[in-house]
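# Coordinate inspection notes
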Amino acid sequence: MNETITKEHLTEEQIDQDLLKNVNWGGKSKVWLSFLTISLIICLYYYYQQLQNGLGVTGLHDYVSWGIYISNFVFFVATSLIGMLISSVLGLMNVSWVKPLARIAELVAVAFAMVAGLIIITDMGRPDRLLNVFIHGRVQSPIVWDIAVVVTYVAISTLLLYIPMLPDIALCRDKLKDVPKWQQKMYKILALGWSGNAKQFKIMNNYTRILLILIIPIALSIHTVTSWLFAMTLRSGWDSPIFGPYFVSGAFVAGCAAVIIAMYFFQKNYKLKDYITVDHFDRMGRLLVLVALVYVYFNINEIIVPGYKANTADAKHVHEMLYGHESLMFWLVQLGGLVIPFLLILFKPMRKPLPLMLISIVILAGAWFKRVLIVVPTQLAPYYPIQNEPEHWTSYSPTVPEIAITAASFILVLLIMTVLAKLFPVIPIWEVKEELNHNKK
Amino acid sequence: MANKNDKSRRKFLQSLGLAGASAVAGSALLLQGCSESNTASGNKVKVLTADNKLVEVDVAHLKPGDKIQDLKYLQKRGREGIPGKKFVMVVDLAKCKNARKCMKACQSAHQLKPEMHHLNVLEMEDPVRDTSYWMPKTCQHCDNPPCVSVCPVDATFKRQDGIVLIDNERCIGCRFCVAACPYSARTFNWTEPKNSEKFAEVTYDMELNVPQKKGTVTKCAFSADQVREGKLPYCVSACPNGVYYFGDQNEDLVTNGTTKKTVRLSQLLDDNAAYTLMPELGTKPSVYYLPPRESEE
């Protein structure tokens, strides 16, 4: 029925053993976690500096007042959307090959969405007044909508990670005897007394289904609302009615790339060749081509329509991109980070794990810089000229603290994903077994 | 300090046995430093207290001109604005010679660093005549302000008298208003503001937006503090060239800051083919521009 899952030679005991063995705190993972923690602390020192001296430690100024923090926020929200596409859209359509990947996609979703919320705080001039948003929040402001949907998305994604994991948590509780005491206790509490009877499975499946349906509009909302932070303004380059779908389609490109990278490293480090197969990479590569094509289509619309109309401010913005000030970055991102990679993936050898992972890294980097291209150039072309200002206010280059604080967000994502993958099996064990039994029949 | 004042005021009022209950705004004479002195002159005046009560007190007990120091009162007054007014500005571009006295007066009143502008005099290209002209650009105090719509915490708001202000006690520094303003009228305190130590003890008055605070947005306030006292804005009275008119649209009168001549607003706008900046955006500015033309002199 399905060549992706060719585990007829595996027994249930073997599956348990293979997939539970990554749940430990072995030497290698300790080194990796310490490395992440130390890097994070170094980066956080720069955030301390920013708290002391104000946002003046960044390269931001009155004309580019949103820089790489906001670009990075958009990127993180975008990447987190993949959880919805893989576990929900494909899951509800009964696409069975994604089942072993669903948990990795949810890990990516939860980690990126959580950290996106933190990135917004690093961009605030007065983070000490964060509570004002709840005390004085106004429904007219897209920021308030954004906070509402991001928080909801994090909550539902966490549940979507947790609830289908109940049988596996129970398995950890029953089988893992040499883990620390607190961890055993944690499994016991989190398993909610799971015993694996039919009634429990029925309840779990019902809840999961509700969440899978709920997550679709919410995921669409988070990125649409994020695009509205720009589209709701009167600035040329942002003032675009297709920004919502344009952002959502771009989100799937970044997300697919992130999942492929995560798949690769989990497969290598946890020795999961039998579970994350070459065929999985091949199919993820095809999915990536599909979403990249949709994104290219939106890019063409976003460029050609305003670019055709000469003399408007929007056209000026497009011309800046195509052959003006921003053209080098624009073509690097569009060709190098999107078009050439997806053309390469059309060839089967490029969908092998290693080349696909490398191409995905290029795509992910392109996706990041694409967000900078969306956020920054518009602000450098205001309706009224930039005059009587310091020389450097006519351009924007991020400073070391700004880059370090941005790096901290990536480190935090890796940290969250690593810790979760060390506490729980990254492949849904019970679903693999179910599939196996199903195929045997 | 505010509490002490409150108490002494209450005691004083009780001893006089006067307490009206009517909500009238207006007078800038405030029952601030009134003393416990018993010598009365016999001349009574009506004044408005911080809790909006109209009371009659002896003039000997008043120290006129003392700025009130109660933050709560200043915040309330700043948000409400002046009833019955609709402030407008008219900028005569034909008269501007880039003297920049307006910018200087503005920056010194609002404690701004040299790169921060509530008011910026720009050199604009005139593509038709292939010349350039000087254009002072302030906040346009739009009647449909995009900055106010996007503010997540109601830190920036539009008052009944048309002035758009910012409360830097509430601003979270997200800079959405900066991004949303098509006129680039707003500026941000990226670092510790100028003279922040000197002004540390001063009570914040949002009508002047001083003291400035690190991590908050600041903007042109149409000199709401001056306007409250019936004076012209700092920039308007500093101009040596008669560029600025300021006044009340409801009265249909504006006063030139240099000549102090008061003229009919509607006639000034009609006679000179006045326009607003980027009317197509639908922001409905309160600042009108009279087009640059060959100098009349």
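Residues numbered from 1 in each chain as written. Chains lettered and ligands numbered in written order. Predicted model: local features only at pLDDT ≥ 70, side-chain atom pairs only at ≥ 80, totals over all residues.

### Quick notes on the overall build of chain B
When helices and strands are tallied, chain B shows 8 helices and 13 strands. Taking all 297 residues of chain B together, 44% fall into the buried category. A fraction of 60% describes how many contacts in chain B between residues 6 or more apart in sequence connect residues 24 or more apart. (Helix = DSSP H or I, 4+ residues; strand = E, 2+ residues; numbered from the N terminus. Buried ≥ 20, exposed ≤ 12 C-beta atoms within 10 Å, placed from the backbone. Contact = placed C-beta atoms within 7 Å.)

### Thoughts on the overall build of chain A
Within chain A, the secondary structure is distributed over 17 helices and 0 strands. Computed over C-alpha atoms, the radius of gyration of chain A comes to 23 Å, within 12% of the 22 Å expected from 2.2 N^0.38 for 441 residues, which places it in the range of a compact globule. Projecting the C-alpha coordinates of chain A onto the three principal axes gives extents of approximately 75 × 50 × 40 Å. Every one of the 441 residues in chain A was classed for burial, and the buried ones make up 44%. (Rg over C-alpha atoms; globule rule 2.2 N^0.38 Å.)

### A closer look at the nonpolar core
Residues and elements named next belong to chain A. Grouped together as the largest cluster of nonpolar side chains are 191 residues, with contacts concentrated most on Ile82, Val108, Cys256 and Val259. No other element matches helix H11 (residues 243-269), which puts 17 residues into this core. Not counting chain neighbours up to four residues away, the residues in contact with Val259 comprise Ile82, Ile86, Leu101, Ile104, Ala105, Val108 and Met284. (Core = buried A, V, L, I, M, F, W, Y, C linked by C-beta atoms within 7 Å.)

### Observations regarding the interface of chain B and chain A
Every contact between the two is made by 36 residues of chain B and, on the other side, 37 residues of chain A. Elements represented by at least two residues in the side of chain B that touches chain A include exactly strand S4 (120-126), helix H4 (146-150), helix H5 (176-180) and strand S8 (187-188) of chain B. Of the residues forming the side of chain B that touches chain A, the biggest block, 4 residues, is contributed by H5(B). Counted by class, the side of chain B that touches chain A contains 19 nonpolar, 9 polar and 8 charged residues. (Nonpolar A, V, L, I, M, F, W, Y, C, P; charged D, E, K, R; others polar.)

### A few points about the sheet that holds strand S3 (residues 87-92) of chain B
All names here are of chain B. Read from one edge to the other, the open sheet built from 5 strands follows the order S12-S11-S10-S3-S13, with strand pairing classed as mixed. One side of each edge strand has no neighbouring strand; the edge strands of this open sheet are strand S12 (262-264) and strand S13 (287-290). This sheet shows a mean twist of 25° between the axes of neighbouring strands, independent of strand direction. Relative to strand S10 (residues 244-248), S3 runs antiparallel, the two being bridged by 5 bridges. Considered in S10, the bridge of Met89 is made with Phe246. (Pairing = 2+ DSSP bridges. Axes fitted to C-alpha atoms, helices over the stretch in contact; angles between N-to-C directions.)

### Brief notes about the packing of helix H4 (residues 82-92) of chain A against helix H5 (residues 102-122) of chain A
How two helices pack is summed up by the angle between their axes together with the distance between the axes. Residues and elements named next belong to chain A. One can describe the packing of H4 onto H5 by two numbers: an axis separation of 7 Å at closest approach and a directional angle of 145°. Handedness of the crossing formed by H4 with H5: left-handed. Along its contact with H4, which presents Ile82, Gly83, Ile86, Ser87 and Gly91, the element H5 presents Ala102, Ala105, Glu106, Val108 and Ala109. Grouping the constituent residues of the contact of H4 with H5 by class yields 6 nonpolar, 3 polar and 1 charged. (Left-handed = near helix turned anticlockwise from the far one by under 90°.)

### What about the pairing of S13(B)?
All names here are of chain B. Side chains of S13 alternate between two faces, with Val287 and Tyr289 and Tyr288 and Leu290 buried alike. Across 4 bridges, the pairing between S3 and S13 is parallel. For Val90, the partnering residue across the bridge sits in S13 and is Tyr288.

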